[in-house]
Amino acid sequence: MFNVTSHMPDDEQWSPISGWVPFLFAEARLAAARRAIPAVIATAERLLQDVRDETKEYVDWVSTDSEASIYTFESEMIANEELSWASRELPRMFFGQLIIYLFSVLESTLSDCLEHAIAALQAPDPGNIANPKIENYVNALGSICGVQINWSNEIWGELRSWRRVRNAIVHRLEFPFEAIGENQFRFKDTEGPRSEERRVG
């Protein structure tokens with residue numbers, strides 16, 4: 001455990017427990033995210049079910065209307081396209097925001113750790129930390145404050161993979177399923193509605 005008090009001048013008041021503050025904040029934020037995940041999943045599934053119900057109602061109306069029924073096939077194509085878009089966009093909207101939030105929790109925790117360590121040690125302020133933030137926060141903690149964070153290559157690889165996912169969502173509204181496992185963020189039963197007549201046939 002890094003002892004910040006041994007480096008403080010006698011006239012400075014610094015409690016060792018202050019060093020825990022970034023981790024307490026991180027724990028609270030992670031707990032909030034864990035509580036949010038089931039609600040996010042339920043909300044996304046409910047919205048997708050709403051799309052299923054609405055598109056089915058539309059196709060059923062077209063197929064049973066004496067004048068519109070000649071466009072049954074076209075209505076099914078429209079409904080399938082709407083449902084397909086919903087099944088792609090809802091993961092991006094809901095799970096994408098969680099990914100962004102959780103990645104920001106890590107960055108803000110490292111930033112707070114650096115701030116607290118600098119204050120405890122009376123170390124020089126490095127100013128704005130350049131991108132990539134995580135690597136440079138870790139480097140600053142080591143070079144300025146002597147706090148070594150020895151993460152394995154596997155952890156670094158996972159962090160960089162998640163950063164690519166986060167950046168794809170933030171900058172391009174893309175959700176690279178292949179980077180994190182497609183099935184984790186896909187909704188089941190995304191086949192669009194078909195008229196009863198076409199189902200039987």
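Only a predicted model underlies this, so the values are computations on that prediction, with no experimental measurement involved.

What counts and what doesn't
Residues numbered from 1 in each chain as written. Predicted model: local features only at pLDDT ≥ 70, side-chain atom pairs only at ≥ 80, totals over all residues. Heavy atoms only, no water. Helix = DSSP H or I, 4+ residues; strand = E, 2+ residues; numbered from the N terminus. Buried < 20%, exposed > 50% of the residue type's maximum accessible area, 1.4 Å probe, protein only. Contact = heavy atoms within 4.5 Å. pLDDT = per-residue confidence, 0-100. Axes fitted to C-alpha atoms, helices over the stretch in contact; angles between N-to-C directions. Parallel < 35°, antiparallel > 145°, perpendicular 65-115°, else oblique. Nonpolar A, V, L, I, M, F, W, Y, C, P; charged D, E, K, R; others polar. Expected span 1.5 Å × (residues − 1). Core = buried A, V, L, I, M, F, W, Y, C linked by side-chain atoms within 4.5 Å.

**Focus on the overall build of the protein**
A tally of helices and strands in the protein yields 6 helices and 0 strands. Taken from N to C terminus, the helices and strands of the protein fall in the order α-α-α-α-α-α. Evaluated residue by residue, the protein yields a buried proportion of 36% over its 201 residues. Considering only residue pairs separated by 6 or more positions, the protein has 72% of its internal contacts joining residues 24 or more positions apart.

**Comments concerning the confidence of the model for the protein**
When pLDDT is low, close inspection of the predicted coordinates is not appropriate. Scored by pLDDT, the protein has a mean of 81; 78% of the residues are at 70 or more. Per-element confidence in the protein ranges from a low mean pLDDT of 44 for helix α6 (residues 196-200) to a high of 94 for helix α3 (residues 133-145). In the predicted structure, residues 179-192 sits below a pLDDT of 50 and forms 31 contacts with residues beyond four places in sequence or in another chain. Note that residues 195-201 has pLDDT below 50 and, in this model, 12 contacts with residues that lie over four places away or in other chains.

**Things to note about unusual backbone geometry**
A cis amide bond links Asn131 with the next residue in sequence, Pro132, at an omega value of -5°. Mapped onto the fold, Pro132 is located in the loop between α2 (72-121) and α3. With a phi angle near 55°, Gln122 is a residue other than glycine that sits in the positive phi range. Examined against the element boundaries, Gln122 turns out to sit in the loop between α2 and α3.

**Observations regarding the packing of α3 against helix α4 (residues 153-172)**
The N-to-C vectors of α3 and α4 enclose an angle of 140°; their axes lie 11 Å apart at closest approach. On the basis of the axis angle, α3 is oblique to α4. Packed against α3, whose contacting residues are Ile134, Glu135 and Val138, the element α4 presents Trp156, Leu159, Arg160 and Arg163 at the interface. Residue composition of the contact of α3 with α4, by class: 4 nonpolar, no polar and 3 charged.

**A closer look at α2**
The terminal C-alpha atoms of α2 lie 73 Å apart, and with 50 residues this matches the ideal 74 Å at 1.5 Å per residue to within 8%. Within two residues after α2, Gln122 carries a phi angle of roughly 55°, on the positive side.

**Details of the nonpolar core**
One recurring pattern in soluble globular proteins: nonpolar side chains tend to sit buried together. By size, the foremost hydrophobic cluster in this structure holds 17 residues, and its most contacted members are Leu110, Leu114, Ile134, Leu141 and Cys145. Put simply, the parts of the chain that give this core at least two residues each are α2, α3 and α4. If one sorts the elements of this core by residue count, α2 sits on top with 7 residues. Setting aside chain neighbours within four positions, we find Leu110 in contact with Ile134, Tyr137, Val138, Leu141, Ile149 and Trp151. Listed in part, the 10 residues of the second largest apolar core include Leu48, Val51, Phe95 and Leu98.

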